Amino acid sequence: MNHCHIGRCRAALIALLIAGLGPVPARAQLPTLGDGSELSSAAEKRLGDRIAREMFRDPDYIDDPVLAEYVRGIWQPLLDAARARGELTVELDQRFAWQVLLGKDRIVNAFALPGGWLGLQLGLINVTTSRDEIASVLAHELSHVTQRHISRLQSEEKKSTPLLIGAMLLGVLAMSRNPQAGNAMLTGGQAVAMQGQLNFSRDMEREADRIGFGVLTQAGFQPQGFVTMFEKLQQASRINDNGSFPYLRTHPLTSERMADMQARQQLLPKGAPTPASVALEHALMAARSKAVSAGPIDDIRALVREADMPPPGGTHQRRAAVWYAGSLAASRVRDHARAEAYAQKLAAEVQGDAVGERLARLLGAEVAVAAGQPARALSLVGEAGAGSSRPEVLLWAQARTATGGGAEVAQRLQTWVATQPRDATAWQLLANAYASQGQSLRAIRAEAEAQVAQLDYSAALDRFKAAQELARRGGAGADYIEASIIDTRTRQVESMLREQSLER
Ligand SMILES: [Zn+2]
């Protein structure tokens, strides 16, 4: 809905990928997609993983544990609802990634990628006023994937199918390397052809709206979210034409789609009002998103200034959001005293609300770590035992490593990655913990696993080979068990890399 109104999906995808894929790696070649028939789910997954690997390497990609947890808390019920409604087949469920990647750009954007990967820019979270609005966007995108719109797009243009997504990828990669070359491609005949082919059809957009609406309501979100999100985008696009809404500028929302959503919503009984705690949580997460995505130094400072002089007469939620954003923004410009002061004001403001208190504690710990005060952070996040959530565990690991507890952290994170092997950030913190203990071999292996988690097998192999070399030079002091684990993983990743290469 937000992005891909008729034809907007292409623009949205390009917009994100343009955001900076960095230099084109020599191995970024086109996958072959078969003979031009409909893209199989296996081929779509391979293509999606390839795009995801590039996105992980994009400087715009961000693993923000707090925002990731919040988005996951919205995404997971939508997935469950899609399963319960039979929209998500067992085959796709198992094969695709079903993972939302966050980008820290301030453009308002969300999009489905092949293979069950979704992109969500923080700019979109910034303009929302409820979790239902984020849910409505994700439900629409999810439905594009479950309805196999990407593979059906392919089959509608059989002649050029193998080139379709490949050409798009190439164009995007070229553009990130050389803006002029990219623009030339986009204005050339090939680009025109791409534009025509990569648009989702009007029918597909209607279908994604209809199915997304069902998924959204079944998941327990307010159907009003769809309508208010449409209104918000419509309104914003009228007053804001600075490129923050690229897809809206090229393909404005039709009144037909808005009317359709309004009609659907009116057929449903009016839901219960949003609990205050849910609204507070969203206000704090939108504030966080603003502080994380604030780019130029002026924008960050504006958030600090707002906390310096909060507008009079604000609501409780509004005040809490201003303290939250002000504290994190101050921390980002290394004004640690202000960051702590505003974190404390936030803690006082949200007292009595369990969710708000937890978010305030996490923020306090985060700004303490940034201020070089890990002991204060530890007093806020506690011991991060087995039952703790990801943001607590990762913050604790940082703070505890900094206070000389590397061995303890290594032990905790080993059990963490055993159940969450795709958690690249946890692998990296594990590497830091090992390094702090002088365990270089294990540190390098954990770094390699962080690369595997982000599908970059080539970079992983470099690290594994470095570890093998270190083990060989280790002599009598070598850790034989570790060395044999490294040998096994090296062979496994070599074979994964071969498979990845065969897909080209
Ligand atoms: Zn769409």
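Right above here is the structure, for reference.
Residues numbered from 1 in each chain as written. Predicted model: local features only at pLDDT ≥ 70, side-chain atom pairs only at ≥ 80, totals over all residues. Heavy atoms only, no water.

Draft legend 1. Highlighting the overall build of the chain. Of regular secondary structure, the chain possesses 26 helices and 3 strands. Within the chain, buried positions represent 53% of all 504 residues. Sequence separation of 24 or more characterises 72% of the internal contacts of the chain that already satisfy a separation of 6 or more. (Helix = DSSP H or I, 4+ residues; strand = E, 2+ residues; numbered from the N terminus. Buried < 20%, exposed > 50% of the residue type's maximum accessible area, 1.4 Å probe, protein only. Contact = heavy atoms within 4.5 Å.)

Draft legend 2. How the structure looks around the nonpolar core. Core analysis: the biggest nonpolar cluster contains 104 residues, and Leu78, Trp98, Leu120, Leu138, Leu284, Tyr324 and Leu346 have the highest contact counts within it. Here this core takes 10 residues from helix H3 (residues 65-84), the largest share from any one element. The residues contacting Tyr324, other than those within four sequence positions of it, are Val66, Leu284, Met285, Ala287, Arg288, Leu346, Leu359 and Leu363. Residues Leu101, Trp117, Ala460 and Ala483 belong to the second largest nonpolar core, which totals 24 residues. (Core = buried A, V, L, I, M, F, W, Y, C linked by side-chain atoms within 4.5 Å.)

Draft legend 3. Structural view of the pairing of strand S3 (residues 117-121). For S3, the buried fraction is high: 5 of the 5 residues fall into the buried class. Relative to S3, strand S1 (residues 99-103) is paired through 5 bridges, and the arrangement is parallel. The partner of Val100 across the bridge, within S3, is Leu118. The pairing of strand S2 (residues 110-112) with S3 spans 3 bridges and is classified as antiparallel. Within S3, the position partnered with Ala110 by the bridge is Leu120. Between S2 and S3, which pair antiparallel and follow one another directly, the connecting turn spans 4 residues, one of which, Gly115, has a positive phi of 75°. (Pairing = 2+ DSSP bridges.)

Draft legend 4. Geometry of helix H14 (residues 255-267). Spanning 13 residues, H14 covers 19 Å between terminal C-alpha atoms, matching the ideal 18 Å at 1.5 Å per step. For H14, the full list of buried residues reads Arg257, Met258, Met261 and Gln265. Looking straight down H14, one finds its buried side chains confined to an arc of 100°; they lie on one side. Exposed residues pointing more than 90 degrees away from the buried face of H14 are listed as Ser255, Gln266 and Leu267. (Expected span 1.5 Å × (residues − 1). Arc of directions from axis to C-beta.)

Draft legend 5. Structural view of the environment of Leu120. Relative to the elements of secondary structure, Leu120 occurs in strand S3. A relative accessible area of 1% means that Leu120 is categorised as buried. The spatial distance from the C-alpha of Leu120 to the C-alpha of Asn109 is 6.2 Å, given a sequence separation of 11 residues. Leaving out residues up to four positions away in the same chain, Leu120 has contacts with Val71, Val100, Leu101, Leu102, Gly103, Asn109, Ala110, Ile125, Ile134 and Leu138.

Draft legend 6. Quick peek at the layout of surface pockets. Of the pockets and cavities examined, the largest pocket occupies roughly 1,300 Å³. Considering the residues around the largest pocket, the lining is formed by 47 residues, among which Arg72, Gln99, Trp117, Arg422 and Asp423 are closest to the centre. At 9 residues, H3 tops the list of elements feeding residues into the lining of the largest pocket. Its residues assigned to classes, the lining of the largest pocket comprises 24 nonpolar, 7 polar and 16 charged. In this structure, the second largest pocket encloses a volume near 490 Å³. Considering the residues around the second largest pocket, the lining is formed by 20 residues, among which Pro65, Arg288, Glu366, Leu395 and Gln398 are closest to the centre. (1 Å grid on protein atoms, 1.4 Å probe; cavity = no way out; pocket = protein on both sides within 12 Å on 5 of 7 lines; lining within 4 Å. Points joined across faces, edges and corners; volume = space filled by probe spheres on them. Nonpolar A, V, L, I, M, F, W, Y, C, P; charged D, E, K, R; others polar.)

Draft legend 7. Quick peek at the sheet that holds S3. Across the sheet, 3 strands lie side by side as S1-S3-S2; this open sheet has mixed pairing. Only two strands of the sheet have a single neighbouring strand rather than two, namely S1 and S2. On average, adjacent strands in this sheet sit at an angle of 20° to one another, irrespective of strand direction. (Axes fitted to C-alpha atoms, helices over the stretch in contact; angles between N-to-C directions.)

Draft legend 8. The arrangement of the packing of aromatic side chains in detail. A full pass over the atoms with the stated rule returns 6 aromatic pairs. Summarising the aromatic geometry, the rings of Phe213 and Phe226 are spaced 5.9 Å apart at their centres and angled 35° between planes, so their arrangement reads as tilted. In this pair, Phe213 sits in helix H11 (residues 202-218) while Phe226 sits in helix H12 (residues 224-239), placing the two residues 13 residues apart along the sequence. Here the aromatic cluster, defined as three or more aromatic residues joined through ring pairs, consists of Phe56, Tyr61 and Trp117. (Phe/Tyr/Trp six-rings, centres within 6.5 Å; stacked < 30°, edge-to-face > 60°.)

Draft legend 9. Region of interest: the pattern of salt bridges. This structure, assessed with the given rule, holds 32 salt bridges. Residue Arg53 is joined to Glu54 by a salt bridge in which the shortest nitrogen-to-oxygen separation is 3.4 Å. Residue Arg53 shares its accessibility class with Glu54, and that shared class is buried. Two residues, Glu340 and Arg376, come together in a salt bridge whose shortest N-O distance is 3.4 Å. Pair noted here: Glu340 is in helix H18 (residues 336-349) and Arg376 is in helix H20 (residues 374-381), with a separation of 36 residues, a long-range link. Arg376 gets classed as partly exposed once you look at its relative accessible area, which sits at 22%. (Salt bridge = Lys/Arg side-chain N within 4 Å of Asp/Glu carboxyl O.)

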